[in-house]
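# Observations on chain architecture
So the chains spell out like this:
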Amino acid sequence: RRLIDKRAVNVLQVAEQVFAGLTEKAEKAGCSITVEVEARIWVLADSGALEQILTNFSENAIKYSGGGAVTIWAEKKMGGIVHLGVDDEGKGIDEEHQARLFERFYRVDPGRSRDQGGTGLGLAIVKHLAEAMDGKVHVASREPRGTRFWVELREASPGYQPSRPASSRPSA
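In short, a report on the structure.

## Points about the overall build of the protein
In terms of regular secondary structure, the protein is built from five helices and seven strands. In sequence order, the protein lays out its α and β elements as β-α-β-β-α-β-β-α-α-α-β-β. When burial is assessed residue by residue, the protein has 42% of its 172 residues classed as buried. Looking at the protein as shown, the accessible area adds up to about 10100 Å², and 48% of this sits on carbon and sulfur atoms.

## Remarks on unusual backbone geometry
Unusually for a residue other than glycine, Asp134 sits at a positive phi of about 60°. When its relative accessible area of 54% is taken as the criterion, Asp134 is described as exposed.

## With respect to the sheet that holds strand 6 (residues 136–141)
If you walk across this open sheet you meet the five strands as 2-4-5-7-6, and the pairing is mixed. Edge positions in the open sheet fall to strand 2 (32–36) and strand 6, since each of these has one partner strand only. With direction set aside, neighbouring strand axes in the sheet form an average angle of 15°. The sheet contact formed by strand 4 (residues 69–77) and strand 5 (residues 81–88) spans eight bridges and is antiparallel. Bridged to Thr71 within strand 5 is Asp87. Along the sheet, helix 1 (residues 11–28) contacts strand 2, strand 4 and strand 5; its crossing angle with strand 2, the most-contacted strand, is approximately 175°. Across the sheet, helix 2 (residues 47–64) is in contact with strand 2, strand 4, strand 5 and strand 7 (147–154); its angle to strand 5 comes to roughly 25°.

## Regarding the packing of helix 1 against helix 2
Look at helix 1 against helix 2: their axes get within 9 Å of each other, and the N-to-C directions meet at 30°. Here helix 1 is positioned roughly parallel relative to helix 2, judged by the angle of their axes. Crossing geometry of helix 1 relative to helix 2 is assigned as right-handed. Where helix 1 approaches helix 2, its residues Val14, Ala15, Gln17, Val18, Leu22, Lys25 and Ala26 are matched on the opposing element by Ser47, Leu50, Glu51, Leu54, Thr55, Ser58, Glu59 and Ile62.

## A word on helix 2
Its 18 residues place the ends of helix 2 26 Å apart at the C-alpha level, agreeing with the 26 Å of an ideal helix rising 1.5 Å per residue. Turning to helix 2, its buried residues number three or more, namely Ala49, Leu50, Ile53, Leu54, Thr55, Asn56, Phe57, Ser58, Asn60, Ala61 and Ile62. Its side-chain oxygen 3.0 Å from the backbone nitrogen of Gly48, Asp46 forms the N-cap of helix 2. Backbone geometry just downstream of helix 2 places Gly66 in the positive-phi region, at approximately 65°.

## Overview of helix 1
With 18 residues, helix 1 should reach 26 Å at 1.5 Å per residue; the first-to-last C-alpha distance of 26 Å fits that figure. Its maximal kink placed at Leu22, helix 1 deviates by approximately 50°. Turning to helix 1, its buried residues are Val11, Leu12, Val14, Ala15, Val18, Leu22 and Ala26. Check the buried side of helix 1 and you find it contacts strand 1 (7–10), strand 2, strand 3 (42–45), helix 2, strand 4 and strand 5. Taking the backbone nitrogen of Leu12 as reference, a side-chain oxygen 3.2 Å away marks Asn10 as the first, capping residue of helix 1.

## Examining the nonpolar core
Among the nonpolar cores identified, the biggest contains 37 residues, and Val43, Leu50, Ile53, Leu84 and Leu153 are the most heavily contacted of them. Broken down by secondary-structure element, the contributors of at least two residues to this core are helix 1, strand 3, helix 2, strand 4, strand 5, helix 5 (122–132), strand 6 and strand 7. Ignoring anything within four residues of it in the chain, the contact list for Ile53 reads Val126, Leu129, Ala130, Met133 and Val151.

Rules of the game
Residues numbered from 1 in each chain as written. Predicted model: local features only at pLDDT ≥ 70, side-chain atom pairs only at ≥ 80, totals over all residues. Heavy atoms only, no water. Helix = DSSP H or I, 4+ residues; strand = E, 2+ residues; numbered from the N terminus. Buried < 20%, exposed > 50% of the residue type's maximum accessible area, 1.4 Å probe, protein only. Areas by Shrake-Rupley, 256 points an atom, 1.4 Å probe, with all protein chains shown as cover. Pairing = 2+ DSSP bridges. Axes fitted to C-alpha atoms, helices over the stretch in contact; angles between N-to-C directions. Contact = heavy atoms within 4.5 Å. Parallel < 35°, antiparallel > 145°, perpendicular 65-115°, else oblique. Left-handed = near helix turned anticlockwise from the far one by under 90°. Expected span 1.5 Å × (residues − 1). Polar contact = N/O pair within 3.5 Å; in protein donor to acceptor, adjacent residues only side chain to side chain. Bend = angle between axes of the 7 residues up to and from the residue. Core = buried A, V, L, I, M, F, W, Y, C linked by side-chain atoms within 4.5 Å.

In structure tokens:
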């Protein structure tokens, strides 16, 4: 079990790591993968957990996009919030399934998913990691095609590290 170490994380750096790790996989699947993230976006997160979240979203997008475009993106919102996630151009996910997607072992199409591999745990892990960083996960269909998965995290200033409580020392 790994502890979450929240600190200021540059979203572009993490997105580029995910992009570099998945470019070959995307090409083999006939997908294009791009990053649309401004260099000035920072979030309060654990960099490893954030990389895992974006990797999971991206791998799913590659798997289910049917050879379309996959985009890793981030945008600042009001109130010190940042949304970051992945868009694809697949067939989309019916609204009836969206509420359950982050449950362990849930599959929209069990037969098809087993053929393509996976355990049905990826999005449950994403939800757990997001919540461990005080974030939330979301999914929405995009018109006319595709799906958008994203995580909502707090914005951070570069170099920010939360203060840690002083260790207790025995009194002399």
